[in-house]
Amino acid sequence: MDKHELTERDICSKFITPAIVGAGWDLHKQIREEFQITDGRIIVRGNLVARGSKKRADYVLFHKPNMPIAVIEAKDNNHSIGHGIQQAIGYGEMLKVPFVYSSNGDGFLEHDRLSGKEKQIGLDEFPSPEQLWKRYKQQNEIDTEEEEELVTEPYYFQLGDKTPRYYQMNAVNETIKAIAKGQNRIMLVMATGTGKTYTAFQIIYRLWKARKAKRILFLADRNILVDQTMNQDFKPFKNVMTKIKNRKINTSYEVYTGLYQSITGPEEQDKIYKQVPRSFFDLIVIDECHRGSAKDNSQWREIIEYFSDAIQVGLTATPKETNDVSNIGYFGEPVYTYSLKEGIEDGFLAPYKVYRYGFDKDLMGFRPQKGQRDKEGNIIEDRIYNTLDYDRTLVLEKRTELVAKTISDFLKQHDRFMKTIVFCIDIEHAERMRQALVNENSDLVKEDSRYVMRITGDDNEGKAQLDNFIDPNSKYPTIVTTSKLLTTGVDAKTCKIVAIDSRIESMIEFKQILGRGTRINEKHNKLYFNLLDFRDVSSKFADPDFDGDPIPVVGGGGGKGGTGNGGGDDPGNDPKRKVFVNDVEVTLLQERVQYYDKDGKLVTESLRDYSKRNIKEEFADLNDFLRRWNSEDRKEAIIEELKEHGVLLDALREETGLQDVDDFDLICHIAYDMKPLTRQERAENIKKKNYFGKYSEVAQKVLDNLLIKYMDEGVYNLEDAKVLRLEPFQEIGKPKELIQAFGGRSGWHEAVKKLKKGLYDIS
């Protein structure tokens, strides 16, 4: 057997797998092949959506089901032993795996991420599970049996259940390791939509099963958060779990969920958490710990300080650091962070398409004419008003109507039943926006009044419909207006439009609002969301703090749009303090569409310019591209590479109208200004040059029909001999006979290779 003739898969099955099994690894319980790490980034261009390549490790070895310990990257024998080591190190860093290997079937190159050292070992020298675990324990200072039992306690799993994604597994394992080493204040930072409560459940379950925590309290600040948690992720605890209510703590349970507000208050009799001793809870998990619980003088903070002996784990998407508020000061640096950018890059979160609208009165301001009066007949104060004033102190009613019309037109152009949240300044503004949207969509409101609804803290009818808005299978409500109530805790997986007509000064609130759209629901075709920006809020994407470290806010508060009130609606509404103007026209001056690109930035250039720039980043000039195209047997590999750079050829076809050209011509035309030929023109050029003259009559018929297939479908299936089983080849002869007409399989491949070379001859 010549190893150089074997595929990578052959090298795995014949050499690498036997070496691992021979070292004592259980093939069924400890070895995972083709281990998928990510789902592949979602790429949006124009109206087309595609996924980039998924990241897969050739092998991941597990000490226990919840504890990956080694990664192996395999290459065929035409590569060196260490050729795959850098790729393996990248997977090792993502999975927090300490031992990393590369192999070509001759041996292994080991990279120890704990020591930073590398060494080459033979196929028969691969370390056993016991050897790697011993090294792992030594380098992580796991000294006692109690620590070892805790860090190896399995996570919860039932057949048919979901299993933790790699970052959730990391978050759980890092938390458990920290607790095993005696740390009792822990913070996890995970972007909205990445499954914080599921992660919390697995942490709680493992500590509960290991008897490290016998009584647990899960704290949140919204009823919907608590109820969703109990009915979904925490459901396995149903026989030992209760919700604290009716101002009483029933001490016969083991897992407790509760609202801050329901167990404390300004008066001593409100502090029902004092019904139990300070030592009652062993573990407290605080959801959205960037909120009121982070304040030193908060009534909510007193709960976690009362139970100060308990292990406390804080969950947040947006760690908060200000002069007055510090959850890092309380919990310490995060033991694990998984950001919005990482979630989008991995394909677990939906990217966004941003529409920025510029109204004349927003861009240039509004100054009343001398003596101009408001709706009530009062003279309007003479000064320049802008977006900081609109809907706070001064209301341009026709501006509200134009926002409602723009949102409605967008829905009418795409899909009128896309779930939509419109964020407004306050409750009064949300009600006016609801009315304007009703008038723009009266035909559908006539069919069902719930098509447009206001969901705010003071409206019981609206709040009663929240579950229906969240339910992917429920058509109504479709459009909801709100101010602060829906900024957090609403798991609306099918929300496809987030419209912002509010000044959002707080980066925390901006991230939370974005989180309403970042969840993916492939079943309902929700792979990205549209952000409709009417207040230039999306400029925050350019802020270096957008996806970076905790946001320092000088002076403490969350800014004008902060969520220090726990995310409820603005209690300071007073419509009487606003000036209403109903006779000032407002017009739309500009609209700009932006895409989320491969670097996590918003792309403002045209689809054509963006594609040209990214193609030329990969292939500097035409000669560079031609060399690669002609040397690559699988042309799809080049198309996949370009897709990873955000270049979607189908989207370019749609924009340019070049539907009948080959991918080759489309790329050359867009990037290098070459005149494109249609597939038919390229096929006719082949015939003119008499490429087929030396072949037999049967072979020429086969090649003629291959050209017809090329004109219809493109180049990608020409070399696949399976095409000979299809019509019209069956009319010419059986596949074996047709291949024999070329002198055998090698002659067939040579003919197809020559055909493809001729197709792309640009001389």
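Criteria and thresholds
- Going along each chain's sequence as written, the residues are numbered from 1 onward.
- Given that this is a predicted model, residues contribute local features only at a pLDDT of at least 70 and side-chain atom pairs are listed and counted only at 80 or more, while totals for whole chains, interfaces and linings are drawn from all residues.
- Note that water and hydrogens are dropped before the side-chain values are worked out from all heavy atoms of the structure.
- Each patch is assembled from residues with relative accessible area greater than 30% and no salt bridge, linking like charges that lie within 9 Å and nonpolar side chains (Val, Leu, Ile, Met, Phe, Trp, Tyr) that lie within 5 Å.
- Here the accessible surface of atoms and residues is derived via Shrake-Rupley with a 1.4 Å probe, and residues count as covered only by protein chains that are part of the display.
- Between Lys or Arg on one side and Asp or Glu on the other, a salt bridge is scored when a side-chain nitrogen of the former is within 4 Å of a carboxyl oxygen of the latter.
- Helix and strand assignments come from DSSP, with helices taken as H or I runs of at least 4 residues and strands as E runs of at least 2, each series counted from the N terminus.
- Exposure categories follow from relative accessible area, calculated using a 1.4 Å probe and restricted to protein chains: below 20% of the type maximum is buried, above 50% is exposed, and the middle band is partly exposed.
- A contact between two residues is defined here by any heavy atoms of the two lying within 4.5 Å.
- Here a polar contact is recorded for every N or O atom pair within 3.5 Å, except that within protein the pair must consist of a potential hydrogen donor and a potential acceptor, and residues adjacent in sequence are included only if both atoms are side-chain atoms.
- Confidence scores labelled pLDDT are given residue by residue by the predictor and lie between 0 and 100.
- We treat two strands as partners when DSSP finds at least two bridges between them.
- The angle between two axes is taken between their N-to-C directions and runs from 0 to 180 degrees, where each axis is a line fitted to C-alpha atoms and a helix contributes only its stretch in contact.
- Here is how to tell: hold the view so the strands point away, follow the path from the first strand over the helix to the second, and if it runs clockwise the crossover is right-handed.
- Ring pairs are drawn from Phe, Tyr and Trp, using the six-membered ring of Trp, whenever the two centres fall within 6.5 Å, and their geometry is named by plane angle: stacked under 30 degrees, edge-to-face over 60, tilted for the rest.
- Note: the arc covers the axis-to-C-beta directions of the helix.
- Reported orientations rely on four angle classes, namely roughly parallel under 35 degrees, roughly antiparallel over 145, roughly perpendicular from 65 to 115, and oblique for the rest.
- Residue polarity follows a fixed list, in which Ala, Val, Leu, Ile, Met, Phe, Trp, Tyr, Cys and Pro are nonpolar, Asp, Glu, Lys and Arg are charged, and the others, Gly among them, are polar.
- Cysteine sulfur pairs qualify as disulfides if the two atoms are within 2.5 Å.

A. Representation of a nonpolar patch on the surface within the structure. Side chains of Leu363, Met364 and Leu589 sit close together on the surface and give an oily, nonpolar patch of about 330 Å² of accessible area. Mapped onto the elements of the fold, leucine 589 is located in strand S26 (residues 588-596).

B. Representation of helix H23 (residues 663-672). The element H23 is extensively covered by neighbouring structure, given that 10 of its 10 residues are classed as buried. Residues Asp663, Phe664, Asp665, Leu666, Ile667, Cys668, His669, Ile670, Ala671 and Tyr672 constitute the buried set of H23. For H23, the elements touching its buried residues are helix H19 (607-618), helix H20 (622-631), helix H21 (635-644), helix H22 (649-656) and helix H24 (679-688). With a side-chain oxygen lying 2.8 Å from the backbone nitrogen of phenylalanine 664, the N-terminal cap of H23 falls on aspartate 662. At the exit of H23 stands aspartate 673, carrying a positive phi of roughly 60°.

C. Layout of the confidence of the model for the chain. Across the chain, the average pLDDT comes to 86, with 90% of residues at or above 70. Below a pLDDT of 50 lies the segment residues 321-326, which in the model reaches 22 contacts outside its immediate sequence neighbourhood of four places, other chains included. For the stretch residues 548-573, pLDDT sits under 50, and the model shows 63 contacts to residues farther than four places along the chain or on other chains.

D. Fine view of the sheet that holds strand S13 (residues 283-286). Pairing is parallel in the open sheet, where 7 strands are placed in the order S11-S12-S10-S13-S14-S9-S16. Each having just a single partner strand, strand S11 (241-243) and strand S16 (336-338) make up the two edges of the open sheet. On average, adjacent strands in this sheet sit at an angle of 15° to one another, irrespective of strand direction. As defined by bridge partners, strand S9 (residues 185-190) adjoins S16 across 3 bridges and the pair is classed as parallel. Bridged to leucine 188 within S16 is tyrosine 336. In the packing of helix H7 (residues 223-231) onto the sheet, contacts are made with strand S10 (216-220), S11 and strand S12 (255-259), and the angle to S11 comes to roughly 160°.

E. Here's a closer look at the environment of alanine 310. By the secondary structure assignment, alanine 310 is in the loop between helix H9 (301-306) and strand S14 (311-316). Assessed through its relative accessible area of 1%, alanine 310 is described here as buried. When the C-alpha atoms of alanine 310 and methionine 230 are compared, they prove to be 22 Å apart, with 80 residues separating the residues in sequence. Among residues more than four places away in sequence, those in contact with alanine 310 are Asn184, Arg185, Phe281, Asp282, Leu283 and Ile284.

F. Up close: the pairing of strand S23 (residues 529-533). Across the 5 residues of S23, 5 count as buried, placing the element largely inside the fold. The alternating pattern of S23 places Phe529, Leu531 and Asp533 on one face and Asn530 and Leu532 on the opposite face, and all of these are buried. Pairing between strand S17 (residues 352-359) and S23: 5 bridges, direction parallel. Across the sheet, the residue bridging to lysine 353 is asparagine 530, located in S23. Sheet topology note: the strand S22 (residues 495-500)/S23 ladder contains 4 bridges and is parallel. Bridge assignment links alanine 499 to a residue of S23, and that residue is leucine 532. Regarding the hand of the β-α-β motif, the stretch spanning S22, helix H18 (residues 507-514) and S23 is right-handed.

G. Region of interest: unusual backbone geometry. The step from tyrosine 476 to proline 477 runs through a cis peptide bond, and the omega angle for that step is -10°. At glutamate 34, a residue that is not glycine, the phi angle is positive and equals roughly 50°. Take glutamate 34: it is sitting in strand S1 (residues 31-36). Positive phi outside glycine occurs at arginine 247, with the angle close to 60°. Mapped onto the elements of the fold, arginine 247 is located in the loop between S11 and S12.

H. Up close: the pattern of salt bridges. Taken as a whole and judged by the stated rule, the model has 48 salt bridges. Salt-bridge contacts for lysine 14 lead to aspartate 10; the nearest nitrogen and oxygen are separated by 3.8 Å. Within this pair, lysine 14 and its partner aspartate 10 are both found in helix H1 (residues 8-22), separated by 4 residues, close to a single helical turn. With a closest N to O distance of 4.0 Å, aspartate 391 and arginine 399 form a salt bridge. We classify aspartate 391 as buried; its relative accessible area is 1%. One network of salt bridges, with partners in common, ties together Asp362, Asp391, Arg399, Asp426, Glu428, Arg432, Asp501, Arg535 and Lys578.

I. Structural context of the packing of aromatic side chains. Under the counting rule described, the total for this entry stands at 43 aromatic pairs. Aromatic pair tyrosine 355 and phenylalanine 410: ring centres 4.9 Å apart, planes at 80°, arrangement edge-to-face. Linking tyrosine 355 in strand S17 with phenylalanine 410 in helix H13 (residues 397-414), this pair joins segments that are 55 residues apart in sequence. The same class applies to tyrosine 355 and to phenylalanine 410, which are both buried. Relative to phenylalanine 534, the ring of phenylalanine 359 has its centre 5.9 Å away and its plane inclined at 45°; by these criteria the two rings are tilted.

J. Region of interest: H20. Within H20, the full set of buried residues consists of Phe625, Leu626 and Trp629. Projection of H20 onto a plane perpendicular to its axis shows the buried side chains occupying an angular sector of 100°, all on one side. Pointing more than 90 degrees away from the buried face of H20 are the exposed residues Arg627 and Ser631. Looking at the packing, one finds that the buried side of H20 touches H21 and H23. The N-cap of H20, judged by a side-chain oxygen 3.2 Å from the amide nitrogen of asparagine 623 a few residues on, is aspartate 621.

K. Region of interest: the side chain of serine 611. For serine 611, the location among the structural elements is in helix H19. Contacts of serine 611, omitting those with residues within four sequence positions, involve Val647, Leu652 and Ile670.

L. How the structure looks around the sheet that holds strand S6 (residues 99-103). Reading across the sheet, the 6 strands line up as S1-S4-S5-S6-S7-S8 and stay open at both edges, with mixed pairing between neighbours. Among the strands making up the open sheet, the edge pair consists of S1 and strand S8 (117-122). Neighbouring strand axes in the sheet, compared pairwise and without regard to direction, differ in orientation by 30° on average. Note: strand S7 (residues 107-112) against S8, 6 bridges, orientation antiparallel. Within S8, the residue paired with glycine 107 across the bridge is glycine 122.

M. Inspection of the packing of H19 against H23 at higher detail. For the pair H19 and H23, interaxial distance at closest approach is 8 Å and the crossing angle is 100°. In terms of axis orientation, H19 runs roughly perpendicular to H23. Where H19 abuts H23, its residues Arg608, Ser611, Lys612, Ile615 and Lys616 lie against Ile667, His669, Ile670, Ala671 and Tyr672. When grouped by side-chain class, the residues that make up the contact of H19 with H23 number 5 nonpolar, 2 polar and 3 charged.

N. Fine view of the state of the cysteines. Applying the stated criterion to the full structure yields 0 disulfides. Here cysteine 424 stays unpaired: no disulfide links it, and the sulfur of cysteine 495, its closest cysteine neighbor, is 14 Å away. Residue class for cysteine 424 comes out buried when judged on its relative accessible area of 0%.

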